[in-house]
Amino acid sequence: MRRFVACSAVFVSAGLAVTSSAQVAPELIQADPRIRVDGHQLVEVRVNTQEQLDAVVAMADTVWSDRVGLGLLDVQFPPAAVAELSKLGIAHRVIHEDVQALIDAEWAEIQLRNQQRDISWYQNYHNYATVITYLNALAAAHPNLAVIQSAGTSIENRDIPAIRITGPGDGSQRPVVFINGTQHAREWVSTKVVMYIAESLLNGYGSDPRVTDLLDECEVIIVPIVNPDGFVYTWTNYRLWRKNRRGGYGVDLNRNWDWFWGGEGSSGSTSSDVYRGTAPFSEPETAGIRNYVLANGRVVAAIDYHSYSQLILWPWSYDYVDPPADDLARYTAVGVQMRQEMLNAGGVSYTAQSSYNLYPAAGVASDWFYGAIDALSYTIELRDTGTYGFELPASQILPTCQENWPAFLYFAEQAIRPITISLPGGTPASASTTTTTPFQVLISSAASTYANGTGQLHVRVGNSPFTTSALTPLGNGLFQASLPAASCGTEIDYYITAGSTDGRTVSLPADGASAPFSAEALDLTVAFNDNMETGVNGWSAGVAGDTATTGQWQLADPQGTAAQPENDHSNPGTMCWVTGALAGSSIGAYDVDNGYTTLLSPRLDASEAASGDMQAILSYWRWYSNDQGAAPNEDSMPIEISNNNGSTWTPLELVTQNANAWVYREFNIADYVTPTANMRVRFIARDLGSGSIVEAAIDDVRLEIRGCACYPADMNCDGTLDFFDVQIFLDAFAHHNPSADFNSDGLYDFFDVQIFLDLFSHG
Ligand code: 0X9
Ligand code: ZN
């Protein structure tokens, strides 16, 4: 599939509305770049078909979006092209009327800020020479912590320096965290963010205990500019240049790494913005970094910083493939927490997701770091989400740095910490009163530093002291732990510890016994539990009145696309209900089209919860996607419940969340309808708009009855039979309240009193 073939080189060589003035010396930064793009527009286009995409790409100067495919794209066009869009019937919205005006404003802002004395280095953009000078000065000011090395040399013979930062003492065995900016020339803010991280590390050592500990344990290597030639070119010639400067057409360095090089999302055409080069590591810039990293041999974690879109992306990028479950769990946990760190820092919202979910791209740095050297490896796309894109105003540099610093610090700590404990299935909040309640624990480590046999569960039942038991290994870093049974209503506190081979102990939650997790022991019956692995089991795909012509619900092992999961939710397991399981030749091939498709559950018995002492909890895992394609976010998926076998329906939720991930939901049925023996649920996937991509999946549906059932004569349910219960009974009896109708015959008579008294005296 061709997805990303936009081209700035073609636009230069095709001699569109481009003017050039030949005399500007490189590095002499005046508001006079050679290539002007007067009247070129930045336009949001809605691309419905491959033909439209081809036409858009052919007309474009360059695609700004990081995601290229059908749907909404930010594209820069020469002046005449926009009228052409209308003729071709391609819906569009002009974001900026004149890209040159944006560039001019940016230059003016840079000059203005250069004259201001009271702003920091992180409140303005700087050119290559200035970055290098500043980097050298940083190292010189911290000779006990930092050294500068060369990580390679560019095609035009510029140095690609790295700053290595670690605490005093013998650092030769410390694990290394590697970060870089500006593989892509125009993504200027990425250089600033990694420089800010370098400076924060240097300033924090000795004053911030987290930084001090980190740098005593590991080394951080920072390459602020991987692509110096391209970067210089953005300052001297063309602000929106992306690639290196190979042959004047350039190679996209982030398609040149040797991990499934040549695949999806890269191009063999020199004019493409994602031109991959002639061979893996054909470029001195990427080869240089590879050699440097391999020679070092201690890199355990890496982040490749880019802009824009506010994303935290983990492998794989080359195809719709996930890492093995234990790695994926770690990527997800660390990625989601990085996002949280950014928010906690007062930053903007980033999305943490798999790279391929954005679009597959083969030959990217982050795949190589994970695939070739087994590092914990992310790509981060910095601000913004498209308002200014690459032309991010200088006023936003510092906030972008500030939100990324704590996320990096957390990432580095996680990466070098000997082991990380997480609970892939979540923290149990309830426990059984009759049997143990099992749950899974994942212990993962950057290297194999888990000391076998040290994983322990610590449990306190009620007010008793904590007791300890060993975790049971399940393989692949997974363990089973079990909460003990306890009498109904009892609080059970718990935490987990594990030891590393170097004798340290890690706890989850981090403060262990002083702030443990907590669960409540409850009477619990599983009334229904279907992981969809054992056949249809009474489910119906399709009901009378359904109108969808493709993408009907089916029980299957789904094929992954940008909108549909590759894997079901159950582990182990492969099957789930999904709307059109096939991937097909394009994202829209087997999605829901032209109307409704309904997945109807079998009858579920929740009658045990009818009295109100017990709760009927319905839960499921769902997948929903409606943010791809030409008309995103126009549809929604109603999920409804019935307590009369489907005669009437009550909404549980209206799904619009494009999580692009499995999402767990649970509902207390009584909050919606009275629980009965005749419950059903239905999931209505639908395509009501025209060009909307709709994909949904459902797995692991469960109905649990839980709570503490009361003894029938214990009218106030306080566990003791006393005068108050008699009083409540008599009052209910006098007022003909059904709770006093003990034989359920609709009458309030002597027999009810007799049964109550009998239960009361024998209770
Ligand atoms: O395409 C890229 O190289 C990166 N986006 S950018 O807009 N900065 O060019 C993203 C690479 C991450 N991998 C995938 N999205 N598959
Ligand atoms: Zn980039």
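Residues numbered from 1 in each chain as written. Chains lettered and ligands numbered in written order. Predicted model: local features only at pLDDT ≥ 70, side-chain atom pairs only at ≥ 80, totals over all residues. Heavy atoms only, no water.

A. Quick look at the pattern of salt bridges. Within the structure shown, the criterion is met by 24 salt bridges. Across the pair Glu219 and Arg164 runs a salt bridge whose closest N-O atoms are separated by 2.5 Å. With Glu219 in strand S8 (residues 219-223) and Arg164 in strand S6 (residues 159-166), this residue pair connects regions lying 55 residues apart in the sequence. In this pair, the class of Glu219 matches that of Arg164, namely buried. (Salt bridge = Lys/Arg side-chain N within 4 Å of Asp/Glu carboxyl O. Helix = DSSP H or I, 4+ residues; strand = E, 2+ residues; numbered from the N terminus. Buried < 20%, exposed > 50% of the residue type's maximum accessible area, 1.4 Å probe, protein only.)

B. Just helix H10 (residues 325-344), in detail. Here H10 spans 28 Å end to end across 20 residues, near enough to the 28 Å set by a 1.5 Å rise per residue. Positive phi appears at Gly346, one or two residues downstream of H10, with a value of about 80 degrees. (Expected span 1.5 Å × (residues − 1).)

C. Representation of the domain arrangement of the protein within the structure. Considered domain by domain, the protein is made up of domain 1 (10-27 + 103-113 + 121-416), domain 2 (41-97), domain 3 (420-522), domain 4 (531-707) and domain 5 (723-761). Facing seven residues of domain 2, the contacting portion of domain 4 comprises six residues. Surface buried jointly by domain 2 and domain 4 totals about 410 Å² across both partners, of which 55% is contributed by carbon and sulfur atoms. At the junction of domain 2 with domain 4, the criterion picks out zero salt bridges. Where domain 2 meets domain 4, there are zero residue pairs in polar contact (both at pLDDT 80 or more). Looking at the side of domain 2 that touches domain 4, the elements with two or more residues in it are strand S1 (41-47) and strand S3 (71-77). When grouped by side-chain class, the residues that make up the side of domain 2 that touches domain 4 number three nonpolar, two polar and two charged. (Domains from an automatic or database assignment. Contact = heavy atoms within 4.5 Å. Buried area = accessible area lost by both parts, 1.4 Å probe. Polar contact = N/O pair within 3.5 Å; in protein donor to acceptor, adjacent residues only side chain to side chain. Nonpolar A, V, L, I, M, F, W, Y, C, P; charged D, E, K, R; others polar.)

D. Inspection of the state of the cysteines at higher detail. Tallied over the entire structure, the rule returns one disulfide. For Cys488, the disulfide goes to Cys708, at an S-S distance of 2.0 Å. Torsion about the S-S bond of the Cys488 and Cys708 cystine: about -95 degrees, corresponding to left-handed handedness. Of this pair, Cys488 sits in the loop between strand S19 (478-483) and strand S20 (491-499) while Cys708 sits in the loop between strand S32 (695-707) and helix H14 (723-734), placing them 220 residues apart in sequence. Residue Cys218 stays outside any disulfide, its sulfur separated by 20 Å from that of Cys401, the closest cysteine. Given the relative accessible area of 0%, Cys218 is considered buried. (Disulfide = S-S within 2.5 Å.)

E. Region of interest: the sheet that holds S8. Here eight strands make up an open sheet; going across it, the order is S5-S6-S8-S7-S9-S12-S10-S11 and the pairing mixed. For this open sheet the edge positions go to strand S5 (146-153) and strand S11 (351-354), each flanked by a neighbour on one side alone. Between one strand and the next, the sheet's axes are offset by a mean angle of 20 degrees, whatever the strand orientation. Sitting on the sheet, helix H13 (residues 397-416) is in contact with strand S7 (176-180), S8, strand S9 (299-307) and strand S12 (376-382), with an inclination near 160 degrees to S9. (Pairing = 2+ DSSP bridges. Axes fitted to C-alpha atoms, helices over the stretch in contact; angles between N-to-C directions.)

F. Focus on the coordination of the zinc ion (ligand 2). Protein coordination of the zinc ion (ligand 2) is provided by His184 (ND1), Glu187 (OE), Glu187 (OE) and His306 (ND1), with donor distances spanning 1.9 to 2.3 Å. Sequence positions of the donors to the zinc ion (ligand 2) reduce to the motif H-x2-E-x118-H. Under the relative-accessibility criterion, His184 is labelled buried at 3%. (Donors = N, O, S within 2.8 Å, 3.2 Å for Na, K, Ca; no water.)

G. Structural detail: the site of ligand 1. For ligand 1, the set of nearby residues contains 15 residues, the closest of which are Arg242, Asn254, Ser317, Tyr359 and Glu381. His306 places a side-chain nitrogen or oxygen 3.1 Å from a nitrogen atom of ligand 1. Ser307 places a main-chain nitrogen or oxygen 3.3 Å from a nitrogen atom of ligand 1. Within the complex, the protein chains bury 99% of what would otherwise be the 410 Å² of accessible surface of ligand 1. Looking at the shell around ligand 1 residue by residue, the class counts come to four nonpolar, six polar and five charged. (Near = heavy atom within 4 Å. Areas by Shrake-Rupley, 256 points an atom, 1.4 Å probe, with all protein chains shown as cover.)

H. Examining the side chain of Thr598 more closely. The topology assignment puts Thr598 in strand S26 (residues 595-600). With residues near it in sequence (within four places) discarded, Thr598 still touches Ser540, Ala541, Gly542, Val543, Asp546, Trp553, Arg682, Phe683 and Ile684.

I. Representation of the sheet that holds strand S28 (residues 637-642) in the model. Strands sit in the order S23-S26-S31-S28-S29 across an open sheet of five strands; the sheet is antiparallel. Each of the sheet's edge strands pairs with one partner strand only, and the pair in question is strand S23 (540-541) and strand S29 (650-655). Pairing of S28 with S29, which is carried by five bridges, proceeds in the antiparallel orientation. Each bridged residue has a counterpart across the sheet, and for Ile639 the counterpart in S29 is Glu653.

J. Seen up close, the pairing of S19. Where strand S15 (residues 437-444) lies against S19, six bridges are found, and the strand directions are antiparallel. Each residue of the ladder has a partner; that of Leu442, found in S19, is Leu478. Here three bridges tie strand S18 (residues 472-475) to S19, and the two strands are oriented antiparallel to one another. Bridge assignment links Thr472 to a residue of S19, and that residue is Gln480. Once S18 ends, the chain turns through two residues before running back antiparallel as S19, passing Asn476 with a positive phi of about 60 degrees.

K. Focus on the environment of Gly584. The residue Gly584 is located in the loop between strand S25 (576-579) and S26 in this model. Linking Gly584 and Gln559, residues 25 residues apart in sequence, is a C-alpha distance of 8.7 Å.

L. Here's a closer look at empty space enclosed by the protein. Counted under the stated rule, the structure contains three cavities of 30 Å³ or more. Estimated volume of the largest cavity: approximately 230 Å³. What lines the largest cavity is a set of 25 residues, among which Asn254, Arg255, Leu358, Tyr359 and Glu381 lie closest to the centre. Those elements that place two or more of their residues in the lining of the largest cavity are S9, helix H11 (355-358) and S12. Two domains each donate at least three residues to the lining of the largest cavity, and these are domain 1 (10-27 + 103-113 + 121-416) and domain 2 (41-97). (1 Å grid on protein atoms, 1.4 Å probe; cavity = no way out; pocket = protein on both sides within 12 Å on 5 of 7 lines; lining within 4 Å. Points joined across faces, edges and corners; volume = space filled by probe spheres on them.)

M. Inspection of the pairing of strand S21 (residues 505-508) at higher detail. In this structure, S20 lies alongside S21, joined through four bridges in antiparallel fashion. The residue bridging Thr497 from the neighbouring strand is Ser507, located in S21. In this structure, the hairpin formed by S20 and S21 is closed by a connection of five residues, where Gly503 is found at a positive phi of approximately 90 degrees.

N. Fine view of the nonpolar core. Counting residues in hydrophobic clusters, the biggest one holds 85 residues, and the most contacted among them are Ile163, Leu201, Tyr305, Met338, Tyr378, Phe408 and Phe411. The leading source of residues in this core is H13, at 12 residues. Excluding residues within four positions of it along the chain, Phe408 makes contact with Val177, Ile179, Ile197, Leu201, Val220, Ile303 and Tyr305. Ala548, Trp553, Leu599 and Ile698 belong to the second-largest nonpolar core, a separate cluster that totals 34 residues. (Core = buried A, V, L, I, M, F, W, Y, C linked by side-chain atoms within 4.5 Å.)

O. Just the packing of helix H7 (residues 209-217) against H13, in detail. Contact pair H7 / H13: the axes reach a minimum separation of 11 Å and the direction vectors enclose 40 degrees. Between H7 and H13, the angle falls in the class oblique. Two packed elements cross with a definite hand, and for H7 against H13 that hand is left-handed. Contacts between H7 and H13 pair Arg210, Val211, Leu214 and Glu217 from the former with Trp405, Leu409, Tyr410, Ala412, Glu413 and Ile416 from the latter. Residues belonging to the contact of H7 with H13 are distributed by class as follows: seven nonpolar, no polar and three charged. (Parallel < 35°, antiparallel > 145°, perpendicular 65-115°, else oblique. Left-handed = near helix turned anticlockwise from the far one by under 90°.)

P. Region of the structure containing the packing of aromatic side chains. For the coordinates displayed, the defined rule picks out 49 aromatic pairs. Among the aromatic side chains, those forming a connected cluster through ring pairs are Trp259, Phe260, Trp316, Tyr318, Tyr331, Tyr370, Tyr378, Trp405, Phe408 and Phe411. The cationic tip of Lys192 hangs over the ring face of Trp121; the distance from NZ or CZ to the ring centre is 3.3 Å. Taking the ring centre of Trp188 as reference, the NZ or CZ of Arg239 above it sits at 3.6 Å. (Phe/Tyr/Trp six-rings, centres within 6.5 Å; stacked < 30°, edge-to-face > 60°. Lys NZ or Arg CZ within 6 Å of the ring centre and 35° of its normal.)

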